[in-house]
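What follows is each chain in one-letter form.
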Amino acid sequence: MKTTDATEAFAALAQDTRLEVFRLLVKAHDPDPAKGGLPAGEIASRMGLAPATLSFHLKELARAGLLASRKDGRSIIYRAQFDKVAALAAFLLEDCCEGRCGVCVSTPAETEKA
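A brief look at the structure comes next. (Residues numbered from 1 in each chain as written. Predicted model: local features only at pLDDT ≥ 70, side-chain atom pairs only at ≥ 80, totals over all residues. Heavy atoms only, no water.)

Overview of the pattern of salt bridges
And step 1. What the rule picks out here adds up to 4 salt bridges.
And step 2. Close ionic contact of Arg63 with Glu60 constitutes a salt bridge, the shortest N to O distance being 2.8 Å. In this pair, Arg63 and Glu60 both sit in helix α4 (residues 51-63), 3 residues apart, roughly one turn of the helix. (Salt bridge = Lys/Arg side-chain N within 4 Å of Asp/Glu carboxyl O. Helix = DSSP H or I, 4+ residues; strand = E, 2+ residues; numbered from the N terminus.)

Notes on the side chain of Arg18
And step 1. Along the chain, the position of Arg18 falls in helix α2 (residues 16-27).
And step 2. Nearest to the buried, unbridged Arg18 among oppositely charged side chains is Glu60, at 5.2 Å.
And step 3. At a separation of 3.2 Å, a polar atom in the side chain of Arg18 contacts the side chain of His57. (Buried < 20%, exposed > 50% of the residue type's maximum accessible area, 1.4 Å probe, protein only. Lys, Arg positive; Asp, Glu negative; His and termini not counted. Polar contact = N/O pair within 3.5 Å; in protein donor to acceptor, adjacent residues only side chain to side chain.)

Considering the environment of Leu19
And step 1. Tracing the backbone shows Leu19 in helix α2.
And step 2. Exposure remark for Leu19: the relative accessible area of 35% places this residue in the partly exposed category.
And step 3. As a C-alpha pair, Leu19 and His57 span 38 residues in sequence and 9.5 Å in three-dimensional space.

Structural notes on the sheet that holds strand β3 (residues 75-80)
And step 1. The sheet built from 3 strands is open, its strands ordered β1-β3-β2 with antiparallel pairing. For this open sheet the edge positions go to β1 (38-39) and β2 (67-72), each flanked by a neighbour on one side alone.
And step 2. Where β2 lies against β3, 6 bridges are found, and the strand directions are antiparallel. Its bridge partner being in β3, Asp72 is matched across the sheet by Ser75.
And step 3. The strands touched by α2 within the sheet are β1, β2 and β3, with β3 carrying the most contacts at an inclination of about 90°. (Pairing = 2+ DSSP bridges. Contact = heavy atoms within 4.5 Å. Axes fitted to C-alpha atoms, helices over the stretch in contact; angles between N-to-C directions.)

Re helix α1 (residues 3-13)
Helical periodicity: at 3.6 residues per turn, an α-helix aligns residues three or four positions apart in one direction.
And step 1. Along α1, the residues that are buried comprise Ala6, Ala9, Ala12 and Leu13. Buried residues of α1, viewed axially, fall in a sector of 125°; they line one side. Those residues of α1 that are exposed and aimed more than 90 degrees away from the buried face are Thr3 and Thr4.
And step 2. Considering only its buried residues, α1 is in contact with α2, α4 and α5 (82-93). (Arc of directions from axis to C-beta.)

Encoded structure:
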C-alpha cells in the first residue's frame, strides 16, 4: 500500500459519522460478496441521517476504497472492504519488530486481559 492510499483511508475514517457508518457495515459483513452489507436507506435509518448527508459520507468512504457497493433491485447495498482494512493494518505494522509482528503485537483479547 502506498502512503498516499493509507492517508486517504485514514482521512476518510477520521470523521465520527464515517467511522460509525464503517463500523456498522463491518457488523453487517458476510464473506460472500453477493451477501452482507446494508442498503443505503437502512444505514440512514439506523444512523439517524438524512439521505443527502449519508450519501456524502458513503461517497468519501468509497473514494478511499473502504466500501464497495452493488445494486439489488432499486437499492444500493454497501459493504465494508475488508481487504483494504487488512492492507491498512499491514501498512501500519510492516516494520514492526523487523517484520515479525507476532513478537510484539498482541491480539485484542490479549490486550483486554492486561
